[in-house]
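Survey of secondary and tertiary structure
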Amino acid sequence: GQSLEQPSEVTAVEGAIVQINCTYQTSGFYGLSWYQQHDGGAPTFLSYNALDGLEETGRFSSFLSRSDSYGYLLLQELQMKDSASYFCAATANTGGFKTIFGAGTRLFVKA
Amino acid sequence: KAGVTQTPRYLIKTRGQQVTLSCSPISGHRSVSWYQQTPGQGLQFLFEYFSETQRNKGNFPGRFSGRQFSNSRSEMNVSTLELGDSALYLCASRPDRGARTSGRPETQYFGPGTRLLVL
């Protein structure tokens with residue numbers, strides 16, 4: 001089957017660092033992506049990992065361990081505008097690329 | 001470059017009716033995927049089209065169908081609507097693998113969605 005697990009909610013304070021974990025069970029796994037979605041908005045792409053290791057994009061970093069079927073999104077120097085839902089998504093190559101999303105993690109950033 | 005567009009943005013229907021939603025991908029993108037999003041359920045994959053062919057399908061009943069036209073525009077249709085079909089329907093396009101357009105094929109670009117309410 002295809003499934004991803006991530007925490008439903010995370011709360012952190014402004015200026016702090018927060019890590020959102022994601023574990024996956026995906027046959028034909030190709031890579032792990034992260035998307036951000038603000039209330040009422042569409043998901044927007046944040047980061048992608050195809051290989052093990054850390055990818056850094058400004059305040060956001062994403063990590064992947066293929067052997068552990070695990071990844072995380074790291075958000076540094078949290079700002080109030082980072083309050084949103086964050087989705088991990090596994091891309092699988094099943095004769096065509098298919099992307100399966102986790103249920104999302106709601107991040108609340110407090111002052 | 002214009003983003004992914006979806007029409008209509010909002011729709012109210014009653015049980016038993018059918019509905020057709022439209023999606024225009026980013027110019028040059030031939031892959032279009034559809035997702036259903038309900039509170040607490042994340043994004044559930046419906047299907048993906050590439051060059052007018054359905055390439056992948058999620059676990060939805062046959063009431064959910066789609067198609068893609070030669071200009072890569074896509075439509076999805078839901079027949080015999082049920083209350084549980086109330087959701088945000090998102091479409092996303094992605095660059096072709098190996099294409100000279102910018103972006104990676106793993107990156108999906110989402111439209112604003114169509115919010116469907118079934119009464």
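That block above? That's the structure.
Residues numbered from 1 in each chain as written. Chains lettered and ligands numbered in written order. Predicted model: local features only at pLDDT ≥ 70, side-chain atom pairs only at ≥ 80, totals over all residues. Heavy atoms only, no water.

**Side note on the overall build of chain A**
Our working definition: A run of H or I in DSSP counts as a helix once it spans at least four residues, and a run of E counts as a strand once it spans at least two, with each numbered from the N terminus. Should any heavy atoms of two residues lie within 4.5 Å, those residues are counted as being in contact.
Across its full length, chain A holds 0 helices and 11 strands. Listed by position from the N terminus, the elements making up chain A come as β-β-β-β-β-β-β-β-β-β-β. Relative to all contacts within chain A whose residues are 6 or more apart in sequence, the contacts with residues 24 or more apart total 56%.

**Brief notes about the side chain of B:T107**
Selection rule: Each residue is assigned to one of three classes by its accessible area relative to the maximum for its type, calculated with a 1.4 Å probe on protein chains only: buried under 20%, partly exposed between the two thresholds, exposed over 50%.
By the element assignment, B:T107 lies in the loop between β9 (87-94) and β10 (109-110). Its relative accessible area of 5% is what places B:T107 among the buried residues.

**Comments concerning the interface of chain A and chain B**
Going by this rule: For any pair of parts, buried area is found by adding up, for both, the accessible area (1.4 Å probe) each one loses once the two are put together. Salt bridges are counted wherever a side-chain nitrogen of Lys or Arg sits within 4 Å of a carboxyl oxygen of Asp or Glu. Here a polar contact means two N or O atoms within 3.5 Å. Within protein one must be a hydrogen donor candidate and the other an acceptor candidate, and residues neighboring in sequence count only if both atoms are side-chain atoms.
Counting residues at the interface gives 19 residues for chain A and 22 residues for chain B. Both sides together, the interface formed by chain A and chain B hides about 1700 Å², and carbon and sulfur atoms give 54% of it. For the interface between chain A and chain B, the tally reads 0 salt bridges. The interface formed by chain A and chain B includes 5 residue pairs in polar contact (both at pLDDT 80 or more).

**Looking at a nonpolar patch on the surface**
Residue and element names in this part refer to chain B. Applicable threshold: Excluding any residue in a salt bridge, patches collect residues exceeding 30% relative accessible area, merging like charges within 9 Å and nonpolar Val, Leu, Ile, Met, Phe, Trp and Tyr side chains within 5 Å. For the accessible areas, the method is Shrake-Rupley and the probe is 1.4 Å, while residue cover comes only from the protein chains on display.
On the surface, I12, L117 and L119 cluster together to form a nonpolar patch covering roughly 300 Å² of accessible area. Mapped onto the fold, I12 is located in strand β2 (residues 10-13). We classify I12 as exposed; its relative accessible area is 59%.

**Describing unusual backbone geometry**
All names here are of chain B. Here the residue pair T7 and P8 is connected by a cis peptide bond, since its omega of -10° sits within 30 degrees of zero. At S51, a position not held by glycine, the phi torsion is positive, near 45°. Relative to the elements of secondary structure, S51 occurs in the loop between β5 (42-50) and β6 (53-57). For S51, a relative accessible area of 33% corresponds to the partly exposed category. Phi at S72 takes a positive value of approximately 75°, unusual for a residue other than glycine. Inspection of the secondary structure assignment puts S72 in the loop between β7 (64-68) and β8 (74-78).

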